Each structure stands twice: as C-alpha cells, then as structure tokens.
Amino acid sequence: MTNLRATIGSLPPWLALLLALCLPLSTSVITVLMVLIVACWLVEGQLRETWRQARNNPLCLAVYGYLAILAIGLMWSDDVAAGLAVLKKHWKIAVLPVLLTAVRHEWRSRYCAAFVAGVSLVMVAIWLDRWHLLPFYGMDSGQPLPFLHNQIIYTPMLALAVYLVVHAVLWSSIGTGWRLLLSILAVLLGCTVFVTLGRAGQLVFFVLVGLLVLQYFPTHRWRTFVLTLIGSVLIFVAAYSVSPVFQTRMNEIRQDIAGIEVNPVTSVGLRLSWWMNTWEMIRQSPWLGVGTGDFVGAYAAINQARSPHVPATDNPHNQYLWTTARLGILGLTGLLGIFVVQIAMARRSSDGWHRLRLAFPVFFLTIMLTDSYLVSHGSAFLFVLLGAVLYKNGPPDPSAVLPPNPTRRYWLILSYRAHVPGSACSQHIDDRLPYFEQAGITPILLSGPVGRRYPGRLHFRAWSIAPSGIRFEVRHFLRGRIRRRWLFKLVETVLLLPLYPFYLLEKIVINLESEWSWFAGATVRGFFLQRRFHPEVLYSTGGSASAHVAALMLHRWSKTKWIAETQDPLVHDREWSRSLRAFRLYRWLEERIARESHAFVFLTLQALRHARTRVGFDFPGVVIYPGAIVRQGGQAYVKRDWCRFAHFGSLAGNRNLLVFFEALDRLRQEDPSRAQKVRLDLFGSLDDASKRSMRRLHLESQVSFHGMIDRQAALRAMEEADCLLLIQDTSFTSTESIPSKVYEYLFSGRPICGLVHHNDELTDMLRAQAHYVAKADDPDDVRRVLGEILNEFEGASFRRAEDGVEMYTTERAVRQILACADRDTNRHDTSAAPNTTA
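Our subject in this report is the structure included herewith. What you see is a predicted model; the values in this text were computed from it and never measured.

**Digging into the packing of aromatic side chains**
Part 1 of the reasoning: Under the counting rule described, the total for this entry stands at 44 aromatic pairs.
Part 2 of the reasoning: A ring pair is formed by W107 and Y111, whose centres lie 6.3 Å apart and whose planes are at 50°; its orientation type is tilted. A single burial state applies to W107 and to Y111, both of which are buried.
Part 3 of the reasoning: For the ring pair F527 and F528, a centre distance of 5.4 Å and an interplane angle of 80° mean the geometry is edge-to-face.
Part 4 of the reasoning: An aromatic cluster of three or more residues is present, and its members are F194, F205, F206, F236, Y240 and F246.
Part 5 of the reasoning: Here the guanidinium or amino end of R471 rests over the ring plane of Y503, the centre of that ring lying 4.8 Å away.
Part 6 of the reasoning: Between the NZ or CZ atom of R750 and the centre of the ring of Y637, over which it lies, the distance is 3.5 Å.

Written out as structure tokens, the structure is:
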C-alpha cells in the first residue's frame, strides 16, 4: 500500500506537465487531467503539505480571498441557486493549492516549454489548414481550429507563447543553435497571431512586445516607451497590409462602430451595448453590486429599458465589469488584489523569473478587458497552472531556519513592528535579537506585514483585519514602492476607495490605533506557532497594544510565562487625546497585564510609578532601559570653525524647534558674533511651524536640512557633530518617557544639549554624564545653555568620555529581560515587592 501511494504520489508533476502541453489543444483533455491530479492528491494524502503551501503563498491567499468575496455575495443575492452556479464555475482556480503541491519548482522551464510546444502544435495545424494540406475547415469558416473550441482562448495563449520564447532567447543560458531555432519559432508564432481571429490575443501581443522591450532596456524608459510605440505601429501597419484576416478584423471594428446606431447587433456593437448596460448596473449598486447570482435578472431589466432590441447576456465580455456588477467595488478590489500580489511577488524576486512573473499579470489584466477570462474554461486553467508554476515558493534557503528542535529554547516574541528601517519601535527589538541568540534563545518573531521578513530567522507575520489596519498596511506597502507622490495618491485612492465607508464607520464606533485589530491574526498565528515550537516564554513588545492583547490571549490558553514590555505607557493620566472608551479599554488592558504577566517591563521609573497608582496594587514591575549597541571603530571627531548642532528624528506637534530658534535669536541679540558660530543640521522630518519660525527669525543660513538617512549613516553623523540636540515635546507624556535616540547619543562621545520637559529621570541621566540640560519650554534657559556650550566649544576640548554609560547597552537590557524570565513570582500575591531595576 505504501509503495502504491508513493507511485501515485510521483504522478502529479508529470500530469501537470501533460496539462501544460494540452492547454491549447483540448478542453476535454485538460479537464480529465485536472481530475486525475486531484484524485492523485487525495490518494497521496498531501493535506498537510497543501495547507502549508497555501497559507505561505500570497497568491493562493489572494485567490481564496476573491473566492470568499464571491461566496459572501450570496448574502445579498435573491437567486442563490444562480450564485452557487457562479461559484461552481470557479472550481478551476480553486484548485490552485493542489497544483502548488503537484508542480515541481525545479521543473518550471519544462512546464513553460510544454505549454509553448502545445501552442506550436496548434500553430502547425493552422498553417497546414491555411495551405489546404490537411482536411480541416478553412480559415474563413469561423471555426478553423481542429482542437480548441474557439480562438478567443487560443490567440491570447499564442501571444503569451511568443513572450515566453522571446524571453528564452534574450535571457536563458542556451547555446547559439537553440537561440537561433527559438528565434525562428518566435517569428512564426508572431506571424500566426495575425492569421487568427482573436482580437484580444492581438491586443495583448502588442502589450507583451512593449513589455519585453521595456524589460530589455530598463534605463531611459520614456525613450524606450516612444520607440516601443513606434515599433508597435510599424508592426500593426505591416500586419494590416500583409494579413487579410487581420485586415478584415480591423475593418470590422471600424464598420461596427460606424454603424452601431443602425445595427448594434454586431460583434463590437454587442460588446459596447453590454458594457454600457453593465456600467449602468454598477452605477446603481456601486459598493456591493447586485449579488453573486443576480446578474442575469438585473441585466435583463436594464437591457429591456435601455436597449430592448439587443439580446441580453449573462457575460458582459469584460472580467472587471463581470465582477463589479455582481460584487461592487468590494469584488473589484478582491479581483485586482490577485494581480497586485503577483506584481509584488515579481518585484521581490530576482532569480531570472521575475520578468515572467510580471508579464503574467500584465497578460491577464489586458485580456480581461475583452472577456471574463477567469471564468472561461481554458484561460482559467492557464491562470491556475502557470500561476502555480511561476509563483510557487522555492525550496528553503540552506541558511534558513530548521524545523523545531526539542533541545532548543524558544521564545515567542510579538511585536507589530520589526525589521522596519527608521522605526524606533522596530529597532527596539531588532537590536536585541542577536543577544537573545547569544544567550541560547531562539527567537520566534511574530510581527505585522509592515517590515521585511528576516532572512535566516524564524520570522512570521500576521495581518490586521479592520479597515484602519488594512489601510495602514496598504499605504505602508505602497509608500515603499512608489516614490512619486501623485502616483502614490492615485494608486492609494483606487485601491482603498471601497474601504473608506467601512473605515469611517470604524472610526466613529471604534477610535483606536490603526493596528488595533492585528491582535486577531496574531493570536491565531501565535496559537499555531505555540503548538509547533512550544516556546518557554511569551514576550510582547514593539509599542502597539495589540501585541499585548494577543499575548494575553495566548498566555491564557497555554499558561506560558509572559513578559510584557510597554515602550510608551498604555495610558496617560493627563492630556489623553483619544475617546473615553479607548481610555477605559487601555486601562483594562494595563490592569490585565499587571495581574497576569510574569513581568511587566517599563522604560522609565515614572511610568512604573504611575501605572502602580492607576491599578491600585503592586505587581512584578521592572524598569529596563533599552540602551544602544556599542559601536566599534567610530568616526574620529574633528572640531571645525562652526559649532554644529545635529538633531535626528521627526519633528511634529509639540516637539519642534520653536524654543531653540527663539533662544538662538535671543543669543544673537545679546552676542551676534557668538550666535553666528551656531549651525544646525537636521536629519529627519521638519514640521511647518519650525519652518515658519526659521523664516521669521531669518535663520535659514544657519540651518541645513538633510532629510531621511539610514541608521548607519545617522550614527556616523552623530559622531561627526559638535553637539547633539535632543528635544522633548512639551506634553505630559514626556514626563514618563525617554526618547530611544538618547542611548545612541550617549555612546557617540559627543556633548548632548537636552531640551527636557519635567523629566527628572532623563535630567539626572544626562547630567550624570556631564551633558547639558535646559527646560524645553523656556527660551531663556535654552539661551543660557547655548552660551555654556559655546564657551566649552571655544576651549581646548569638546568631548565626552563614555565611562559610566555601559549600563545603557542593549546587551545589558537583554540580560535583565532574561533574568525576569528566570525569577519566580507568586502571581496570586499582588502585594509582592516589586523588582525594579535601572
């Protein structure tokens, strides 16, 4: 029995290869082959592997998201039976997880070659028929292909085959002889495009040829685009002059449009009528459509009112209209999401297949303008087979993590932000991971999708489910890939437009942070990770409250030790800007953490004291300064003529340069020559209020704006500056928080000018290392400190020793967190003395 199952298990890759060959040949054969693949999959019992492939494959998730929207559309369908029939038609793309298991990643070239071979066989039959060498129907019969039921399917396949062959000629590692043969094949296939009747294939042929040129000449894209446009026009003119079939089809378009008022029942006239009537249906039900099963009835009513002399239809011959009419903008978003995922996967890859991964969605996005190709039999199988071939995850990287090892110590770390450049919340945990590993801990990182996946580490991601979270994550995704602001706003609007009504409703009912709903996906993903790895500690951090909610639920389920770390206090006693409902919710969460966590970690003593006062009892709280990594071999400081202050990070709201500029202006009035020695370098963002103040006080010549730079460049710039400027905002939150860049400042060896707001802990920290502190809201005090800094700058030395700052290292912080996990705490004794460390 085992041998039989193994034999059957070896068949699907070969059946998939035969399926690729038969795609252009016979709809009946490909249906039989697909049924055989599914049967082999069932006998082999690859359910676990299929589940793994599906949940780790973004394309599979996007396809099933679209299918889920189709199923949800039954809720507002009057004709449920028709809706179920529509769902049944989509079984072909629903087998994507089975094909992901069936195809072999290393056989990608074979599958593409088999598909091209099938297209070439039909091409040979077409030319033999055209020359009357075989007893097939003639080209003018309207059904010239002996194998395929119509040319609406074949001609697009032909255009795709041309792209695949030319791609192999340009980029594959093949010999000169093969390159010559493939070039001849590409020419023959290209010529065949214009002797078939499928205008969708002819349209996509020009699109794919243009894409090939743009991919081959990636620089000077506008010049390449113009040349591509000229080349396409020349090909069109040549085809129109040489091919009677192509000439006839183009003339029919012109004649049908010209005579549409007299006779709309033509190939083009029918499509235009169907499109306009369907658009009217969409206009009446734009958001959710008429329902999955109600297209036929709704269209018939509109058709009777607008164009009774035109036959009604159940297919407007446009996939976008087909989907939007049934499911509204919600369905259109799900449909486009499939191809956005494919394009994103193409952009992330660089293995030589990225061009094909980009061309495939461009191909379908083009042909879907002319018919519902995800519903049509042959094209749906084409989508699902080549989708599995091109987008199947490759074999794991040898340097990647191994399966669970019972001898390892695992910690499950929940942080919404991780591996996000420029994010203080992300750097907080990113810097600690190597030290956990040095201590024998294997971190299992569970984060949101806003950061890149860590290579070589156990890094898993979960997504938010609420509109605000989806909006935030989509915007973050687009911002990292689209630089032009106008294009970013356009794409953002198109993608998120269906979401805005739900987003506004959410903000009215639940006004929380954007990523609040991440806890749901993180809890589910964390549940499976706990069952797989059995971590000894749950560690929630990262600045987002949703990480603590997920950890709380996982802790209650598994009773695993839980360490919760809040980078900023969950609740502020004063100046609370959110709703009373949000205040009560965060108060509840803070109390649950205090009662149920093994250790509640704060970043300042004041934050811990305020939390104890709010909850009304002692709890195992600990203060751990996050610290910074000790930088080896830094830049050598060189004093110059100007005293260059440097500020790093964002400026907004109450954290701005207004007081600093006012102090500098007063110093200028008091001693103009000394004030002229001050220069300010800004690394990060600059708020509008600071810009206005700078212009009002005429300080532009003394301020340089460098914009955003990466972290390593920022650390070098810190070491080169004369004095580092630290600014706290003038709100209550500053009294119980310490900016994370303080620790990097301390290790730079440069003097720090701290504008501190009612924060004795930060004041003592800076003064203990002989740094300067001024009141953040007092221009005269800042002016006084500027004078003291200039006095020291004009002296012989202007350095700060790093003695005494070793207590602020990331390594020490990790040792303290490990100590929290190792200590015993009586969870039932809420009056136990706190273990507070700094």
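Continuing now.
**Some points on empty space enclosed by the protein**
Part 1 of the reasoning: Considering all chains together, one arrives at five cavities of 30 Å³ or more under this definition.
Part 2 of the reasoning: Of the voids in this model, the largest cavity is the one considered here, and its volume is about 50 Å³.
Part 3 of the reasoning: C112, L160, Y163, L164, L356, A359, F360, L386 and L390 are the residues that line the largest cavity.
Part 4 of the reasoning: Going through the elements one at a time, α10 (151-171), α18 (354-367) and α19 (377-391) are the ones with two or more residues in the lining of the largest cavity.
Part 5 of the reasoning: Residues belonging to the lining of the largest cavity are distributed by class as follows: nine nonpolar, no polar and no charged.

**Considerations on the side chain of R750**
Part 1 of the reasoning: If you trace the backbone, R750 turns up in the loop between α33 (741-746) and β12 (752-756).
Part 2 of the reasoning: Despite its burial, R750 pairs with no opposite charge, the nearest such side chain being D722 at 4.9 Å.
Part 3 of the reasoning: One polar contact links the side chain of R750 to the main-chain carbonyl oxygen of A721, over a distance of 2.7 Å.
Part 4 of the reasoning: A distance of 3.2 Å separates a polar side-chain atom of R750 from the backbone oxygen of D722.
Part 5 of the reasoning: Ignoring any residue separated from it by four or fewer positions in sequence, one finds R750 in contact with Y637, M718, E719, A721, D722, L724, Y745, H771, F798, R799 and R800.

**What to know about helix α25 (residues 518-533)**
Every α-helical turn comprises 3.6 residues, leaving residues that sit three or four positions apart pointing alike.
Part 1 of the reasoning: For α25, which comprises 16 residues, the first-to-last C-alpha distance of 21 Å matches the rise-based estimate of 22 Å (1.5 Å per residue) to within 8%.
Part 2 of the reasoning: Among all positions of α25, only W518, G521, A522, T523, R525, G526, L529, Q530 and F533 are buried.
Part 3 of the reasoning: Where the residues of α25 are buried, they touch α4 (47-55), β1 (409-414), β2 (441-447), β3 (458-461), β4 (537-540) and α26 (545-558).
Part 4 of the reasoning: Remark: H534 follows α25 within two positions and exhibits a positive phi of approximately 50°.

**Side note on unusual backbone geometry**
Outside of glycine, negative phi angles account for most residues, and trans bonds account for most peptide bonds.
Part 1 of the reasoning: The backbone phi angle of K559 is positive, close to 60°, even though this residue is not glycine.
Part 2 of the reasoning: Following the sequence through the fold, K559 ends up in the loop between α26 and β5 (561-565).
Part 3 of the reasoning: Residue K559 is classed as exposed on the basis of its relative accessible area, which comes to 64%.

**Quick look at helix α35 (residues 779-793)**
Part 1 of the reasoning: Helix length check: α35 (15 residues) gives 21 Å between terminal C-alpha atoms against 21 Å at 1.5 Å per residue, within 8%.
Part 2 of the reasoning: Looking only at α35, the buried set comprises P779, D781, V782, V785, L786, G787, I789, L790, E792 and F793.
Part 3 of the reasoning: Between the side-chain oxygen at the start of α35 and the backbone nitrogen of D780 there is a gap of 3.1 Å, and the oxygen is on D778.

**Notes on the sheet that holds β12**
Part 1 of the reasoning: In spatial order, the strands read β10-β9-β8-β11-β12-β13; together these six strands make up an open sheet with parallel pairing. Bordering the open sheet on either side are β10 (703-707) and β13 (772-775), each of which pairs with just one other strand. Averaged over all pairs of adjacent strands, the angle between their axes in this sheet comes to 25°, without regard to strand direction.
Part 2 of the reasoning: Bridge analysis of β12 against β13 gives four bridges, and the strand direction is parallel. Across the sheet, the residue bridging to G754 is V773, located in β13.
Part 3 of the reasoning: Set on the sheet, helix α34 (residues 760-768) makes contact with β11 (723-727), β12 and β13; between it and β12 the angle comes to about 165°.

**Section: the side chain of T50**
Part 1 of the reasoning: For T50, the position within the fold is in helix α4.
Part 2 of the reasoning: The buried category is assigned to T50, whose relative accessible area is 6%.
Part 3 of the reasoning: Look past the residues within four positions of T50 in its chain and what remains in contact with it is W41, P97, V98 and T101.

**What to know about the layout of surface pockets**
Part 1 of the reasoning: By volume, the second largest pocket amounts to about 1600 Å³.
Part 2 of the reasoning: Contributing to the lining of the second largest pocket are 31 residues, with L211, R221, I343, R347 and L358 lying nearest its centre.
Part 3 of the reasoning: Secondary structure elements with two or more residues in the lining of the second largest pocket: α12 (199-216), α13 (221-242), α17 (319-348), α18, α22 (467-479) and α23 (485-496).
Part 4 of the reasoning: In terms of residue count, the dominant contributor to the lining of the second largest pocket is α17 (seven residues).
Part 5 of the reasoning: The residue makeup of the lining of the second largest pocket, split by class, is 22 nonpolar, three polar and six charged.

**Quick look at the pairing of β11**
Part 1 of the reasoning: Counting buried residues along β11, five of its five residues qualify, which places the element largely inside the surrounding structure.
Part 2 of the reasoning: Of the pairings in the sheet, the one linking strand β8 (residues 643-648) to β11 comprises three bridges and is parallel in character. Of the residues in β11, the one forming a bridge with A646 is L724.
Part 3 of the reasoning: Pairing between β11 and β12: four bridges, direction parallel. Within β12, the position partnered with L725 by the bridge is C753.
Part 4 of the reasoning: In terms of handedness, the path from β11 via α33 over to β12 forms a crossover that is right-handed.

**Side note on the sheet that holds β2**
Part 1 of the reasoning: Pairing is parallel in the open sheet, where seven strands are placed in the order β3-β2-β1-β4-β5-β6-β7. Both outer strands of the open sheet, β3 and β7 (621-623), are each paired with one neighbouring strand and no more. Averaged over all pairs of adjacent strands, the angle between their axes in this sheet comes to 20°, without regard to strand direction.
Part 2 of the reasoning: Looking at chain direction, β2 and β3 are connected through four bridges and run parallel. Bridge pairing in β3 places L446 opposite F460.
Part 3 of the reasoning: Packed onto the sheet, α25 meets β1, β2, β3 and β4 and runs at close to 150° relative to β2.

Quick notes on the rules
- Residues numbered from 1 in each chain as written.
- Predicted model: local features only at pLDDT ≥ 70, side-chain atom pairs only at ≥ 80, totals over all residues.
- Heavy atoms only, no water.
- Phe/Tyr/Trp six-rings, centres within 6.5 Å; stacked < 30°, edge-to-face > 60°.
- Buried < 20%, exposed > 50% of the residue type's maximum accessible area, 1.4 Å probe, protein only.
- Lys NZ or Arg CZ within 6 Å of the ring centre and 35° of its normal.
- 1 Å grid on protein atoms, 1.4 Å probe; cavity = no way out; pocket = protein on both sides within 12 Å on 5 of 7 lines; lining within 4 Å.
- Points joined across faces, edges and corners; volume = space filled by probe spheres on them.
- Helix = DSSP H or I, 4+ residues; strand = E, 2+ residues; numbered from the N terminus.
- Nonpolar A, V, L, I, M, F, W, Y, C, P; charged D, E, K, R; others polar.
- Lys, Arg positive; Asp, Glu negative; His and termini not counted.
- Salt bridge = Lys/Arg side-chain N within 4 Å of Asp/Glu carboxyl O.
- Polar contact = N/O pair within 3.5 Å; in protein donor to acceptor, adjacent residues only side chain to side chain.
- Contact = heavy atoms within 4.5 Å.
- Expected span 1.5 Å × (residues − 1).
- Pairing = 2+ DSSP bridges.
- Axes fitted to C-alpha atoms, helices over the stretch in contact; angles between N-to-C directions.
- Right-handed = clockwise from strand over helix to strand, strands pointing away.

From the geometry alone we can't say anything about function, so treat these as descriptive.
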